[in-house]
Amino acid sequence: MVNTSTGLARGIVLKLIESGITDVVLSPGSRNAPISIALYAAEERGLLTLHIRIDERTAGFFALGIAKASKRPVALLCTSGTAVANYHPSVLEAHHSQIPLLVITADRPARLRQTGSNQTTLQSGIYGAAASLSADVASLDFNFDEIISKLQDGPVHLNVQLDEPLLPDDESDWLHGAQPGLWSTGNQGEAETLELSQPRGVIVLGHDRAGFSVDEIARFADEIGWPLIAEDPLSFSKALPHASIFLSSQRIRELLRPDVAIVVGRTTLSRAVNALVKSAGREFVIDPRTARIDQKRVATEIFLSIPEVRREFEDDSEWMASWSSQSAAASEILAALPEWSEQSIARAIGSNLPTNTTLFISSSRPIRDLEGFAAPRDGVETFANRGLAGIDGNISTALGIASQRKSAIALLGDLSFLHDLSGLIGASGINLRIVLINNDGGGIFSTLPQNEVRGFEKIFGTPHGLDLAAISASFGVETRTVLNVDQLVEALIAPIYGLSIVLANVPSRDENARVLRELTGKLDTP
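Residues numbered from 1 in each chain as written. Predicted model: local features only at pLDDT ≥ 70, side-chain atom pairs only at ≥ 80, totals over all residues. Heavy atoms only, no water.

(A) Inspection of the packing of helix H12 (residues 342-352) against helix H18 (residues 485-493) at higher detail. Direction vectors running N to C along H12 and H18 enclose 35 degrees, while the axes themselves pass 10 Å from each other. Judged by the twist between their axes, the crossing of H12 over H18 is right-handed. Contacts between H12 and H18 involve Ser-344, Ile-345, Ala-348, Ile-349 and Asn-352 from the first element and Val-485, Leu-488, Val-489, Leu-492 and Ile-493 from the second. Class assignment for the residues of the contact of H12 with H18 results in eight nonpolar, two polar and no charged. (Axes fitted to C-alpha atoms, helices over the stretch in contact; angles between N-to-C directions. Helix = DSSP H or I, 4+ residues; strand = E, 2+ residues; numbered from the N terminus. Left-handed = near helix turned anticlockwise from the far one by under 90°. Contact = heavy atoms within 4.5 Å. Nonpolar A, V, L, I, M, F, W, Y, C, P; charged D, E, K, R; others polar.)

Structure representation (structure tokens):
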């Protein structure tokens, strides 16, 4: 007779296979050995793919990237103790982005909790409200269908009590007849109706589009016909260029104050755009997450799916011309940007990425620079961690995404790169090129009010003074330093084989902040 832990582990792996989960990210450990052994056997049969990451924090973000790119649930497995806590950042990001991660944590039997037993803590329910469901199991007598169903709401935590012995004591063909199942998402329900009678409105798209496809939103926006502001300008060629830049002028925001603002998803990048939205007479929100995650979000009306539009107004040519005029004026000002700056790099990346490129964009300055300075286009598949907008796990998320594509590019800042260095380990077989913007510290703070406080450089600027090319080379990663836009573009369009880094050492953070201040000053001049 098979021992208890082996039987439980095999039963869980069979349920994973039958539920349609095809990717599992594993961090090695002792207590999770029964499940690890069962997963390896399943991979040998071609029933799933097993990814190994030695660091649970990076493992969590790697799984997040796979789930984002594949639009399928991904399972995570770790041992007990601090390993469980290291999943927490990725679980939080997955919760706020409603990404299906099945987090499986190995635990000691309940009788050993709070006894001082090695590597034992209270793991059940450790992720709190970030998990849509938590289950503490010691046998197969639990409802796995409910667990799979709740993945549609975000992460689920399965804490598994595994008693010794932890190794199998039989050689039965327990996978005989196992067949992969199909993952299916629930229906969004019938569409509601959005009635619009005022002609002066604006549509604002959050970077993750609330999970809707580019095509769905493009059709919706075309039907309404209002100015379109996209936090992700690389997916919407009809978006207004540089909206977050010209709206940074209060004078321009007052000129363009809309009667109605429609927000798809969450707008998390530009304070100026959010100020415009809040100035509108009526605000409509389209975001399914408001049903479970952002339940206190306030608007005139909230829709969980893209509504049918009842358009009861005539086009206002003067309104459209006003927006186009401000956008054109901003474009003229941006033509005088320094040739080598964070802004010009964002413009060059946006314009020169080959069609059908997959791009991951790190939080902080890179994603804001693309929003503000890149010209709208389409043909680029974009990803970013905008659930909590952290700089942690960005390398690992990008690698997870790239593992599901022929190749990908990631745009990272220096601090997000240093934060996730261990993510560079185990990237064999993944084609990812990282474009690394190095301004020697936290550049975004130089553009915020904090830049005036005493002690700014120590507590906000945080210069690292490190040779990033030498660091990446120490991981065996091919690294090229570029000195101008032409070299950057050459590196962008080159074929991608394996993991490589393109390092762009840019002017100082103070210089970058000065350029932005001058831009704002020119915009404020009537």
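The discussion continues.
(B) Quick look at the pairing of strand E18 (residues 478-482). Pairing geometry for E18 and strand E19 (residues 499-505), over five bridges, is parallel. Paired with Arg-480 across the strands is Val-502, a residue of E19. This β-α-β element, E18 to H18 to E19, shows right-handed connectivity. (Pairing = 2+ DSSP bridges. Right-handed = clockwise from strand over helix to strand, strands pointing away.)

(C) Expanded view of the packing of aromatic side chains. Applying the stated criterion across every chain yields a total of five aromatic pairs. Plain terms: the ring middles of Trp-226 and Phe-313 are 5.6 Å apart, the flat faces sit at 20 degrees to each other, and that makes the pair stacked. Of this pair, Trp-226 sits in the loop between helix H7 (214-224) and strand E9 (228-230) while Phe-313 sits in the loop between strand E13 (308-311) and helix H11 (317-334); the two residues are 87 residues apart in sequence, bridging distant segments of the chain. The same class applies to Trp-226 and to Phe-313, which are both buried. Judged by centre distance (6.1 Å) and plane angle (70 degrees), the rings of Phe-246 and Trp-323 are edge-to-face. Here Phe-246 is found in helix H8 (residues 243-246), whereas its partner Trp-323 is found in helix H11, with 77 residues between them in sequence. Assessed through its relative accessible area of 0%, Phe-246 is described here as buried. Grouping aromatic residues by their ring pairs yields a cluster made of Phe-246, Trp-319 and Trp-323. (Phe/Tyr/Trp six-rings, centres within 6.5 Å; stacked < 30°, edge-to-face > 60°. Buried < 20%, exposed > 50% of the residue type's maximum accessible area, 1.4 Å probe, protein only.)

(D) Spatial organisation of unusual backbone geometry. Of note, the amide linkage connecting Glu-164 to Pro-165 takes the cis form, showing an omega dihedral of 5 degrees. Within the secondary structure layout, Pro-165 lies in the loop between strand E6 (156-161) and strand E7 (193-196). One non-glycine residue with positive phi stands out, namely Asn-356, at about 75 degrees. Among the structural elements, Asn-356 can be located in the loop between H12 and strand E14 (357-361). A positive phi angle, close to 80 degrees, is found at Ser-364, a residue other than glycine. Topologically, Ser-364 is positioned in the loop between E14 and helix H13 (365-373).

(E) Up close: the pairing of strand E8 (residues 201-205). Burial of E8 is extensive: five of the five residues sit out of reach of the surface. Neither face of E8 is open: one carries Gly-201, Ile-203 and Leu-205, the other Val-202 and Val-204, and all of them are buried. Note: E8 against E9, three bridges, orientation parallel. Residue Ile-203 lies in a different strand from E9, and its bridge partner there is Leu-228. Assessed by its sense of winding, the connection that carries the chain from E8 through H7 to E9 is right-handed.

(F) Main features of the pattern of salt bridges. One pass over the structure, following the stated rule, counts 24 salt bridges. Taking the shortest distance from any N to any O, the salt bridge between Asp-222 and Lys-238 comes out at 3.4 Å. Here the residue Asp-222 occupies a position in helix H7, and Lys-238 occupies one in the loop between E9 and H8, the gap between them amounting to 16 residues. For Asp-222, a relative accessible area of 46% puts it in the partly exposed group. Among the charged side chains, a network of salt bridges with common partners joins Asp-208, Asp-287, Arg-289 and Arg-297. (Salt bridge = Lys/Arg side-chain N within 4 Å of Asp/Glu carboxyl O.)

(G) Summary view of the sheet that holds strand E15 (residues 380-383). Reading across the sheet, the six strands line up as E15-E14-E16-E17-E19-E18 and stay open at both edges, with parallel pairing between neighbours. The open sheet terminates on both sides in strands that have one partner only, identified here as E15 and E18. When strand polarity is set aside, the average angle formed by the axes of neighbouring strands in this sheet is 20 degrees. Sheet topology note: the E14/strand E16 (residues 408-413) ladder contains three bridges and is parallel. Counted as the bridge partner of Leu-359 is Ile-409 from E16. Packed onto the sheet, helix H14 (residues 394-402) meets E14, E15, E16, strand E17 (432-438) and E19 and runs at close to 160 degrees relative to E14. Here H18 sits on the sheet in contact with E16, E17, E18 and E19, set at roughly 150 degrees to E18.

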